[in-house]
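# Observations on chain architecture
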Amino acid sequence: MIKGIAASKGIAIGTVRILKHQEIVIDPTPSTDRVEELAGFKKAVENAKAQIGVLKEKALKSMGEHEAMVFDSHAMFLEDPEFAGAIMEAIENDGLRAPAATEQVKGFYKNLFASMDNDYMRERAADIEDVGNRIIRNLLGISDDFSDLPENTVVVAHDLTPSDTAGLDRDKVIAFVTDIGGFTSHSAIMARSLEICSVVGTGNITSLVADGMPIIVDGLMGEIYLTPDTDTVAKYDGIKQAFLKKREEMKHYKNSHFSYADGREILVAGNIGSVKDLDAVLENGGDGIGLFRTEFVFMDRDAAPTEEEQYQIYKTVAERIAGKPVVIRTLDIGGDKQLSYLPIDAEMNPFLGLRAIRLCFKHVDLFKAQIRALLRASAHGDVQIMLPMIGNVNEILEAKAIINACKAELESEGLAFNAEIPVGIMIEIPSAAIVADQLAREVDFFSIGTNDLIQYTLAVDRMNANISHLYDPMNPAVLRLIKMSIDAAHEAGIWCGMCGEMAGDLRATETLLEMGLDEFSMSGSSILDIKAAIAIWVEK
Ligand code: PEP
Ligand code: MG
């Protein structure tokens with residue numbers, strides 16, 4: 001048995017598929033057979049077309065029309081005679097091998113698009129990069145093709161990025177297992193959002209498995225069994241059936257709503273990182289969105305999404321959640337989340353560095369585009385703005401000045417928005433909890449980000465599996481800061497929620513209810529468990 005960290009509940013009995021990112025190495029030497037290189041290129045384009053067709057179908061089914069549109073742009077470049085013509089010319093006239101010719105032309109077009117002064121055209125640079133790399137991978141026989149997975153696939157990887165998961169077939173993939181990461185690392189959070197069983201932080205699982213190996217993943221206990229015998233399979237089949245039955249029974253709580261004895265509502269909301277995560281929140285009866293991590297909208301691309309693109313995404317969420325609150329957090333980049341198009345100087349301690357609101361104040365144009373998109377989306381639902389990594393009053397005042405400037409712009413442009421849009425902050429830095437009384441006077445709500453609050457208070461890296469035993473949400477120092485934040489909020493007449501993973505941790509529910517927390521926000525897969533625990537507490 002291999003031990004890891006139970007990151008997302010469930011039992012999976014299946015076979016291994018290792019996800020590896022093979023490096024692309026291009027041979028710069030001249031070709032020996034131009035005709036063969038040309039034929040190879042044409043074949044690679046045909047293969048790429050077929051793959052993009054499959055990916056588009058899958059994206060349409062799992063994510064919707066908007067997300068699938070990107071594949072139309074990819075197909076368009078593959079059909080473009082100028083793009084293909086330039087590559088063939090480099091093969092025929094310059095004697096380059098097909099991968100080197102593709103790399104050269106890809107680079108030319110990418111720079112051309114990236115230098116245009118129109119947002120839409122600039123974004124096409126990312127499509128060129130993607131399409132070019134797809135052709136090159138086909139030429140070199142590097143497969144990243146996860147479109148043809150067998151039933152009951154368990155994906156095993158060193159770590160997983162959002163784009164790794166986006167391409168995976170939800171009908172076929174039943175579990176994720178990784179070498180690194182902890183319960184609050186972003187791959188674990190993503191697995192819970194997708195309701196896919198997961199064990200992370202196993203140390204070296206990738207070196208112990210091979211494609212096709214039978215495997216059992218116990219996402220309840222954080223255990224892995226390789227090539228299990230028939231008795232073990234039978235035992236886990238029993239555990240799996242019991243787990244599924246219990247999950248079905250919990251649906252009973254889907255439409256339950258709760259309040260404290262004094263009449264104050266207790267909301268159980270969902271955390272999302274994309275439009276597709278909404279399904280799990282809606283299916284489990286979430287009372288709104290308590291945290292939309294917008295950085296995932298910005299990641300795995302070559303340029304920032306435009307205001308218009310963001311507006312469409314935030315509006316879709318607001319509309320689909322139909323009148324319930326949608327708390328959208330502004331960009332939280334830095335720490336373990338980086339953007340290729342926004343390089344940050346190497347930092348000794350990225351989690352203590354240029355992260356989140358600090359980064360946004362350095363890149364005001366990026367921040368303003370997001371604020372304008374959020375304000376415009378507020379005309380379509382109960383959209384609320386949440387600022388991450390706030391440590392003092394001045395940061396709130398600076399952010400509010402920018403929000404007000406954006407409001408004035410939209411007003412003069414005649415664009416609709418909610419002038420009274422609530423603005424809140426995350427309490428995730430100890431200094432914020434300590435001066436919560438001062439901060440509460442400046443904002444409309446608090447949401448406690450325990451993932452960071454715990455790591456900063458206890459000096460325990462949330463990503464480090466070696467010290468995960470010290471990462472304790474119930475540490476009295478952490479509980480005291482949580483209580484101070486809730487009390488300060490109530491004193492100032494505003495609500496206080498929690499959107500860190502502790503909100504979905506059954507060990508903490510009773511304590512948080514006793515402190516009077518107003519809103520619990522978590523991945524969709526935890527909502528029913530927490531609703532059931534609250535039901536028991538309020539009936540006591
Ligand atoms: C947190 O820190 O608790 C939080 C919700 O934010 P993130 O996990 O995205 O850092
Ligand atoms: Mg955080």
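Computed from a prediction, not measured in an experiment: that's the story for all the values here. Every chain's residues receive numbers from 1 upward, in the order its sequence appears when written. Chains and ligands are labelled sequentially in the order written, the chains with letters from A and the ligands with numbers from 1. The predicted nature of this model means local features are confined to residues of pLDDT at least 70 and side-chain atom pairs, given and counted, to a pLDDT of 80 or more, with totals for whole chains, interfaces and linings taken over all residues. By convention in this description, side-chain values take in all heavy atoms of the structure and omit both hydrogens and water.

Below, the discussion takes up the coordination of the magnesium ion (ligand 2). Listed donor atoms are N, O and S within 2.8 Å of the metal (Na, K and Ca: 3.2 Å). As water is not included, a site may look incomplete. Taken together, the protein donors to the magnesium ion (ligand 2) comprise Glu428 (OE) and Asp452 (OD), at separations of 2.0 to 2.1 Å. Taken together, the residues glutamate 428 in the loop between β14 (423-427) and α15 (430-434) and aspartate 452 in helix α17 (residues 450-458) connect sequence positions 24 residues apart. As far as burial versus exposure is concerned, glutamate 428 and aspartate 452 are alike and both buried. Secondary structure is summarised from DSSP: a helix means a run of H or I of at least four residues, a strand means a run of E of at least two, and numbering begins at the N terminus for each. Relative accessible area decides the class of each residue, using a 1.4 Å probe on protein chains only: under 20% of the type maximum gives buried, over 50% gives exposed, and in between gives partly exposed.

Let's shift gears to the pattern of salt bridges. Should a side-chain nitrogen of Lys or Arg be within 4 Å of a carboxyl oxygen of Asp or Glu, the pair is scored as a salt bridge. Inspection of the entire model under this criterion finds 34 salt bridges. Residues glutamate 129 and lysine 106 are paired through a salt bridge, measuring 3.6 Å at the closest nitrogen-oxygen approach. In this pair, glutamate 129 sits in helix α5 (residues 119-140) while lysine 106 sits in helix α4 (residues 98-114), placing the two residues 23 residues apart along the sequence. In this structure lysine 106 comes out as buried when scored by relative accessible area, which is 5%. Among the salt bridges present, the one from glutamate 510 reaches lysine 540, with a minimum N-O distance of 3.3 Å. Placement of the pair is glutamate 510 in helix α19 (residues 506-515) and lysine 540 in the segment after α20 (527-539), with a sequence separation of 30 residues. Put simply, Glu295, Arg329, Asp332, Lys337, Arg355, Asp452 and Arg462 are held in one network by salt bridges that share partners.

Moving on, we come to the sheet that holds strand β1 (residues 2-3). Strand order across the open sheet formed by 8 strands is β1-β8-β7-β3-β4-β5-β6-β2, with mixed pairing between neighbours. Of all the strands in the sheet, just β1 and β2 (5-8) have a single pairing partner and so form its edges. Relative to strand β4 (residues 153-157), strand β3 (residues 11-19) runs parallel, the two being bridged by 5 bridges. When the sheet's bridge partners are listed, leucine 19 is paired in β4 with alanine 157. Residues count as neighbours in contact if any of their non-hydrogen atoms are within 4.5 Å of one another. Axes here refer to lines fitted to C-alpha atoms; in helices the fit is confined to the stretch in contact. Angles between the N-to-C directions go from 0 to 180 degrees. Lying on the sheet, helix α7 (residues 186-193) is in contact with β2, β5 (173-178) and β6 (197-200); it crosses β2 at an angle near 45°. In the packing of helix α8 (residues 230-250) onto the sheet, the strands contacted are β3, β7 (214-218) and β8 (223-226), and the crossing angle to β3 comes to about 110°. Any two strands between which DSSP finds at least two bridges are classified as paired.

Residue ranges for the domains originate in an automatic or database domain assignment. Domain annotation of the protein identifies domain 1 (2-19 + 146-250), domain 2 (34-140) and domain 3 (254-538). Using only C-alpha atoms to locate each centre, domain 1 and domain 3 end up separated by 28 Å. The partner domain 3 presents 27 residues to the 19 residues of domain 1 that form the contact. Put simply, buried area is the surface a 1.4 Å probe can reach on two separate parts but cannot reach once they are joined, added for both. Summed over both sides, the interface of domain 1 with domain 3 buries roughly 1,900 Å², with 54% coming from carbon and sulfur. Of all residues in domain 1, Thr184, His186 and Met250 bury the most surface against domain 3, accounting for 33% of the area lost on that side. For the pair domain 1 and domain 3, the number of links is 2 salt bridges. Between aspartate 529 and lysine 9 there is a salt bridge, and its shortest N-O distance comes to 2.6 Å. Each polar contact in these results corresponds to two N or O atoms within 3.5 Å; when the atoms are within protein, one needs to be able to donate a hydrogen and the other to accept it, and residues that are neighboring in sequence are counted only if both atoms are side-chain atoms. Across the contact surface, domain 1 and domain 3 share 5 residue pairs in polar contact (both at pLDDT 80 or more). Among the secondary structure elements, those contributing two or more residues to the side of domain 1 that touches domain 3 are α6 (162-166), α7 and α8. The element that contributes the greatest number of residues to the side of domain 1 that touches domain 3 is α7, accounting for 4 residues. In this classification, Asp, Glu, Lys and Arg are treated as charged, Ala, Val, Leu, Ile, Met, Phe, Trp, Tyr, Cys and Pro as nonpolar, and every other residue, Gly included, as polar. Per-class residue counts for the side of domain 1 that touches domain 3 are 7 nonpolar, 8 polar and 4 charged.

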